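Below are the chains, spelled out letter by letter.
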Amino acid sequence: MKKIKILAILFLFMYGCESALNTGSGSLTPSYNTDETLRQIAEEKGIYVGAAVADTPLFSKNEPYSNVFVKEFNMMVCENEMKFEYLQTSSNNFYWTIADRMVNVALANNMKIRGHTLLWHSQSGWASNVNNPAALSNILSNHIFTVMKRYSNKINYWDVVNEAIEVNNALSNSSNFYDHLRKSFWWTNLGSNYVEYAFQLARAADPTAKLFYNDYGIEAYNTKALYTYLLVSNLKAKGLIDGVGFQMHIDTNFKPFQNGFASNLKRFSDLGLELHITEMDVRIPIPANYTSYSQQANTYREVISTALSNSNVTAIVFWGFTDKYSWVPGFFTNYGDALLFDKNYQRKQSYNAVMEVLKNK
Ligand code: XIL
């Protein structure tokens, strides 16, 4: 009897190890029907689950990228293709071909679209060399009106301004958000009201679109989040903003509870703003292993369940979906594998964690 028990335990142990080894990035036995997709569950729960996509793989016939994307997600954002340098290639020359065809994929598949982004210090092409306040003011106005009008009724959410808060440590005593605006070429030319100006233009260009401020490193209850809160409070009091995007580019050290994520979200939702997680990825050191994939899955689970317990959080968007195409390895040395699907489009533990959280909502 004892022998049988020992053998059984040994067998279970070996079997456990083997499946752990085999699965690599993949899953423990999932607790859901594997025919189900994130999109189906999100739709049952009335939320959006989205991903940033890139034009080239989306239109490639050689891999399952677009199939997986439209089955699993109900919200699209272009990873790069709607940034200033892509849309307005030279003064008043707009290039629509790629953005249009991406928009059409989303609409044909009943997806919502997040437009990203109208004003940013980066990827702004020729505009960033303009050193003339009146000229730059016209450029911004022309850009926002032209782009938003083209996609009116198609793009429901716009990141009007991206990453405008930069904590100025020399003025760490000042809680005036104007002291903590990024000193980009927009600021140099247009002055401290450039954020508000952009939102005024966006409101006028498409009164039906939901206007968002989007930033990174504002997830925790920290100083940058405070200045962001003050900035958006001011915009909200003037009726110029509808929501805030928390990018959520994190690693496994981000702990929602210890970092005050829920209380931070609450101060924003108390303003009456809609909240989106806009660019989530959880980078891990590469090469990754079973343990680091599990830790990553836990981080996804904890962050998303905390986010969804705030009823103003209406969308969870990932910055890509397959580890085959992700900005992480190019921007964070020795990190990668940050997403929900591995390079072969197999669901990872992180995928299962997200699925479970959605199901429990
Ligand atoms: C990144 C893209 O993923 C890269 O392909 C590109 O080279 C640089 O920009 N915050 C943002 C996104 O708001 O637009 C950035 O996207 C990632 C950080």
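A. Broad picture of the overall build of the chain. Looking only at helices and strands, one finds 14 helices and 12 strands in the chain. Taken over C-alpha atoms, the radius of gyration comes to 22 Å for the chain, in line with the 21 Å a tight globule of 361 residues would show. Referenced to the eigenvectors of the C-alpha coordinate spread, the extents of the chain come out at roughly 85 × 50 × 40 Å. Counting over 361 residues, the chain shows a buried share of 52%. Here the analysis covers contacts within the chain between residues at least 6 apart in sequence; of these, 78% occur between residues at least 24 apart. Taken together, the 32 basic and 31 acidic charged side chains of the chain have centroids lying 4 Å from each other.

B. Here's a closer look at the site of the ligand. If you check the shell around the ligand, you find 14 residues, and the closest are Glu79, Lys83, His116, Glu279 and Trp319. Here an oxygen atom of the ligand and a side-chain polar atom of Asn162 are 2.9 Å apart. For the ligand, whose free accessible area comes to 410 Å², the fraction covered by protein is 83%. Of the residues belonging to the shell around the ligand, the class tally is 4 nonpolar, 6 polar and 4 charged.

C. A look at the environment of Met82. When you line up the elements, Met82 lands in the loop between strand 2 (75-78) and helix 5 (84-87). Residue class for Met82 comes out buried when judged on its relative accessible area of 0%. Excluding residues within four positions of it along the chain, Met82 makes contact with Leu87, Ala99, Val103, Gly115, His116, Thr117, Ile155 and Trp158.

D. A look at the pattern of salt bridges. In the structure shown here, the tally under the stated rule is 16 salt bridges. The salt bridge involving Glu356 is made with Arg301; its shortest N-O contact spans 3.6 Å. On the criterion of sequence distance, the pair formed by Glu356 in helix 14 (residues 349-360) and Arg301 in helix 12 (residues 290-308) is long-range, its members being 55 residues apart. Overall, Glu356 belongs to the partly exposed group, its relative accessible area being 23%.

E. Broad picture of unusual backbone geometry. At the junction of His116 and Thr117, the peptide bond is cis and its omega measures out at 5° in the coordinates. With respect to the element layout, Thr117 can be found in strand 5 (residues 112-119). If you check the backbone angles, Asn110 has positive phi at about 55° while not being a glycine. Inspection of the secondary structure assignment puts Asn110 in the loop between helix 6 (97-108) and strand 5. Of note in this structure, Tyr345 is not a glycine but carries a positive phi near 65°.

F. Geometry of the environment of Ala202. By secondary structure assignment, the location of Ala202 is in helix 9 (residues 194-205). A sequence separation of 58 residues divides Ala202 from Ile144, and the C-alpha atoms of the two residues are 6.2 Å apart. Not counting residues within four places of it along the chain, the set of residues in contact with Ala202 comprises Ile144, Met148, Val160 and Leu211.

G. View of the packing of aromatic side chains. Scanning all chains against the criterion turns up 22 aromatic pairs. When the ring of Tyr65 is compared with that of Phe321, the centres are 4.7 Å apart and the planes differ by 45°; the resulting orientation is tilted. Taken together, the positions of Tyr65 in helix 4 (residues 65-72) and Phe321 in the loop between strand 11 (313-318) and helix 13 (328-331) put the pair 256 residues apart, joining distant regions of the chain. With relative accessibility at 3%, the residue Tyr65 sits in the buried group. With a relative accessible area of 1%, Phe321 lands in the buried category. Note on Phe185 and Trp186: the rings are 4.6 Å apart at their centroids and 35° apart in plane angle, and the pair reads as tilted. Taken as a pair, Phe185 and Trp186 share a single burial class, namely buried. An aromatic cluster is present here, built from Tyr32, Tyr65, Phe69, Phe73, Tyr300, Phe318, Phe321, Tyr325, Phe341, Tyr345 and Tyr351 joined pairwise through their rings. The ring of Phe59 has Arg101 lying over it, and the distance from NZ or CZ to the ring centre is 4.3 Å.

H. Region of interest: the pairing of strand 11. Across the 6 residues that make up strand 11, a large majority, 5, are buried. Pairing between strand 10 (residues 274-285) and strand 11: 4 bridges, direction parallel. Residue His276 lies in a different strand from strand 11, and its bridge partner there is Ala315. Handedness of the crossover joining strand 10 and strand 11 through helix 12: right-handed.

I. Structural view of the nonpolar core. Residues Phe69, Phe73, Trp158, Phe199, Met280, Phe318 and Phe321 are the most contacted members of the largest nonpolar core, which totals 100 residues. For Phe73, the residues in contact, after removing those within four places along its chain, are Leu38, Arg39, Val49, Gly50, Ala51, Met111, Phe318, Phe321 and Phe341. Listed in part, the 8 residues of the second largest apolar core include Ala52, Met75, Phe212 and Ala315.

Rules and cut-offs
- Residues numbered from 1 in each chain as written.
- Predicted model: local features only at pLDDT ≥ 70, side-chain atom pairs only at ≥ 80, totals over all residues.
- Heavy atoms only, no water.
- Helix = DSSP H or I, 4+ residues; strand = E, 2+ residues; numbered from the N terminus.
- Rg over C-alpha atoms; globule rule 2.2 N^0.38 Å.
- Buried < 20%, exposed > 50% of the residue type's maximum accessible area, 1.4 Å probe, protein only.
- Contact = heavy atoms within 4.5 Å.
- Lys, Arg positive; Asp, Glu negative; His and termini not counted.
- Charge placed at Lys NZ, Arg CZ, Asp CG, Glu CD.
- Near = heavy atom within 4 Å.
- Polar contact = N/O pair within 3.5 Å; in protein donor to acceptor, adjacent residues only side chain to side chain.
- Areas by Shrake-Rupley, 256 points an atom, 1.4 Å probe, with all protein chains shown as cover.
- Nonpolar A, V, L, I, M, F, W, Y, C, P; charged D, E, K, R; others polar.
- Salt bridge = Lys/Arg side-chain N within 4 Å of Asp/Glu carboxyl O.
- Phe/Tyr/Trp six-rings, centres within 6.5 Å; stacked < 30°, edge-to-face > 60°.
- Lys NZ or Arg CZ within 6 Å of the ring centre and 35° of its normal.
- Pairing = 2+ DSSP bridges.
- Right-handed = clockwise from strand over helix to strand, strands pointing away.
- Core = buried A, V, L, I, M, F, W, Y, C linked by side-chain atoms within 4.5 Å.

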